[in-house]
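Residues per chain, in single letters:
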Amino acid sequence: MKITFLFLACISLAMGQKAKDWQTIFNGKNLDGWDIKISGHDVNDNYKNTFKVQNGMLKVSYEQYDTFDNKYGHLYYKTPFSHYVLTYEYRFTGNQTPGGASWNVRNSGVMFHSQSATSLSFDQDFPVSLEMQLLGGLGKGVRHTANLCTPGTYVYINNTVRMEHCIDSQSKTFDGDQWVKAKLVVLGDSIVHQIINGDTVLTYQKPKIGEGTTKNFDWKKWGLSDDAAKFWESQNGSALKEGFIALQAESHPIDFKEIQLLNLKGCMNKKAKNYKAYFVESDEQLCKF
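On a predicted model such as this, the values are computed, not experimentally measured, just so you know. (Residues numbered from 1 in each chain as written. Predicted model: local features only at pLDDT ≥ 70, side-chain atom pairs only at ≥ 80, totals over all residues. Heavy atoms only, no water.)

Asker: Any chance you could explain the overall build of the protein chain here in plain terms?
Answerer: In terms of helices and strands, the protein chain carries 2 helices and 19 strands. Computed over its C-alpha atoms, the radius of gyration of the protein chain comes to 19 Å, within 12% of the 19 Å expected for a compact globule of 289 residues. In terms of principal-axis extent, the alpha carbons of the protein chain reach across some 60 × 45 × 40 Å. Here the protein chain holds 289 residues, and 53% of them are scored as buried. For the protein chain, contacts bridging at least 24 residues in sequence account for 68% of all contacts bridging at least 6. Accessible surface, the protein chain as shown: approximately 13400 Å² in total, 47% of it carbon and sulfur. Side chains of the protein chain carry 32 positive and 30 negative charges; the gap between the two charge centres is 8 Å. (Helix = DSSP H or I, 4+ residues; strand = E, 2+ residues; numbered from the N terminus. Rg over C-alpha atoms; globule rule 2.2 N^0.38 Å. Buried < 20%, exposed > 50% of the residue type's maximum accessible area, 1.4 Å probe, protein only. Contact = heavy atoms within 4.5 Å. Areas by Shrake-Rupley, 256 points an atom, 1.4 Å probe, with all protein chains shown as cover. Lys, Arg positive; Asp, Glu negative; His and termini not counted. Charge placed at Lys NZ, Arg CZ, Asp CG, Glu CD.)

Put into structure tokens, the structure is as follows:
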């Protein structure tokens, strides 16, 4: 993986020299630029103020809930991306909301290469996507974070197809309410790196739509409509090249801050005014002369 390490070194250098090129996709003031979709509710119905902004943080909050009632939710950034670096900080706080599943204690995630908020079925719990699963320690031993979960998708690791719904990372365990720094390096449908506090804890390749074979897989198990299930069935085996970024609400309170993105797709023509040396994927339509 020598090329991978060289690439990461180049990105690190680019981050230090090109700070102005980073997009702050959460402004710390409000939810402008984001769409809400909670299972059983219309797009942008922020049920019981699940997503809110406070003290510069984007908070997944259950203060107004009596019980979770399977209100799985996601907050989607407005723009899809294919090649990028995403950085953010997160922390779990307090106790799980009553009614949440036992496996959702200190459990959340960042979905990416996701379908849009507006394309989800009304009762759909999770988008078809890749998930950088975030887990907090429970004070009972090892519990990795930055794992990979794959709702309606699958990946390869070292040229071997991996069909598990979730694949463990090699991260440390983070107990308590401490802030953790996370980073995603996403290169279209070629390779993804998941990084925690500067350590690369999981790498995988060739993300695809489906479950390898869908003969024994029910697309409707997450609440997809009949038409949506047929659509995703028809896409089985297709490369997952791009999509939306979404923050997950899964019954345990979590805070996010410092959410920034460096787009690695752009004009690669050196004669253009907006050429950037760190771009790795060309989009000549963006060139300005």
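Asker: Explain the state of the cysteines here, please?
Answerer: Here, disulfide denotes a covalent bond that connects the sulfur atoms of two cysteines. Inspection of the entire model under this criterion finds 2 disulfides. A disulfide bridge connects Cys-149 with Cys-166, and the sulfur atoms are separated by 2.0 Å. On the sign convention where negative is left-handed, the bridge of Cys-149 and Cys-166, at about 105° about the S-S bond, is right-handed. Here Cys-166 lies in strand β12 (residues 166-167) and Cys-149 lies in strand β9 (residues 147-149), a separation of 17 residues in the sequence. The disulfide partner of Cys-267 is Cys-287, and the S-S distance across this bridge is 2.0 Å. (Disulfide = S-S within 2.5 Å.)

Asker: Would you take a moment to explain the sheet that holds strand β16 (residues 244-249) for this structure?
Answerer: Hydrogen bonds along the backbone pair up the strands of a sheet, which may run parallel or antiparallel. Taking strand neighbours across the sheet as the criterion, the 7 strands line up as β2-β5-β16-β7-β8-β9-β12 in an open arrangement whose pairing is antiparallel. At either margin of the open sheet sits one strand with a lone partner, and together these are β2 (34-38) and β12. (Pairing = 2+ DSSP bridges.)

Asker: It is not clear to me how the nonpolar core should be interpreted in this structure. Could you clarify?
Answerer: Nonpolar side chains tend toward joint burial in soluble globular proteins. Core analysis: the biggest nonpolar cluster contains 58 residues, and Leu-86, Tyr-88, Phe-112 and Phe-256 have the highest contact counts within it. For this core, the leading source of residues is strand β6 (residues 83-92), giving 5 residues. In contact with Phe-112, not counting residues within four places along its chain, are Tyr-84, Ser-129, Leu-130, Glu-131, Met-132, Leu-184, Val-186, Val-192, Gln-194, Tyr-204, Phe-244 and Ile-245. One finds Ile-191, Ile-195, Leu-262 and Leu-264 within the second-largest nonpolar core, a separate group that totals 10 residues. (Core = buried A, V, L, I, M, F, W, Y, C linked by side-chain atoms within 4.5 Å.)

Asker: Is there a simple way to explain the environment of Ser-39 in this structure?
Answerer: When you line up the elements, Ser-39 lands in the loop between β2 and β3 (51-54). Since its relative accessible area comes to 7%, Ser-39 is described here as buried. A C-alpha to C-alpha distance of 6.4 Å links Ser-39 and Phe-122, two positions 83 residues apart in sequence. When near neighbours in sequence (up to four residues on either side) are disregarded, Ser-39 contacts Asn-70, Lys-71, Tyr-72, Phe-122, Asp-123, Gln-124 and Asp-125. A polar contact is formed between the side chain of Ser-39 and the backbone oxygen of Asp-123, at a distance of 3.1 Å. (Polar contact = N/O pair within 3.5 Å; in protein donor to acceptor, adjacent residues only side chain to side chain.)

Asker: Would you explain the packing of aromatic side chains in this entry?
Answerer: The geometry of an aromatic ring pair is captured by the separation of the ring centres together with the interplanar angle, meaning the angle of the planes. As enumerated under the stated definition, the model contains 14 aromatic pairs in all. Ring geometry for Tyr-72 against Phe-126: centres 5.0 Å apart, planes inclined by 50°, an arrangement best described as tilted. Pair noted here: Tyr-72 is in the loop between β4 (57-60) and β5 (73-77) and Phe-126 is in the loop between β7 (107-114) and β8 (130-135), with a separation of 54 residues, a long-range link. The rings of Tyr-47, Tyr-62, Tyr-65, Phe-68, Tyr-72 and Phe-126 are connected pair by pair, giving a single aromatic cluster. One Lys or Arg, Lys-71, reaches over the ring of Tyr-47 and ends 5.2 Å from the middle of that ring. (Phe/Tyr/Trp six-rings, centres within 6.5 Å; stacked < 30°, edge-to-face > 60°. Lys NZ or Arg CZ within 6 Å of the ring centre and 35° of its normal.)

Asker: Would you mind going over the environment of Thr-203 with me for this structure?
Answerer: Mapped onto the elements of the fold, Thr-203 is located in strand β15 (residues 199-209). Put simply, Thr-203 and Asn-158 are 45 residues apart on the chain and 9.1 Å apart in space, counted from C-alpha to C-alpha. Apart from the residues within four sequence positions on either side, Thr-203 is in contact with Ile-157, Ile-191, Val-192 and His-193. For Thr-203, the side chain forms a polar contact with the side chain of His-193, separated by 2.9 Å.

Asker: I would appreciate a short explanation of the environment of Asn-274 in the present structure.
Answerer: In this fold, Asn-274 is placed in the loop between β18 (265-266) and β19 (281-282). Sequence separation between Asn-274 and Asp-125 is 149 residues; the distance between their C-alpha atoms is 40 Å. Once residues lying within four places of it in the same chain are set aside, the contact partners of Asn-274 are Cys-267, Phe-279, Leu-286, Cys-287 and Lys-288. At 2.6 Å, the side chain of Asn-274 and the backbone oxygen of Leu-286 are in polar contact.

Asker: Which parts of the structure should I look at to understand the pattern of salt bridges?
Answerer: According to the stated counting rule, one finds 7 salt bridges in the structure shown. For Arg-91, the salt bridge is made with Asp-255, and the minimal N-O distance between the two is 2.9 Å. Linking Arg-91 in strand β6 with Asp-255 in strand β17 (residues 254-263), this pair joins segments that are 164 residues apart in sequence. Judged by its relative accessible area of 1%, Asp-255 is buried. A salt bridge links Glu-164 to Arg-162; its shortest N-O distance comes to 2.7 Å. (Salt bridge = Lys/Arg side-chain N within 4 Å of Asp/Glu carboxyl O.)

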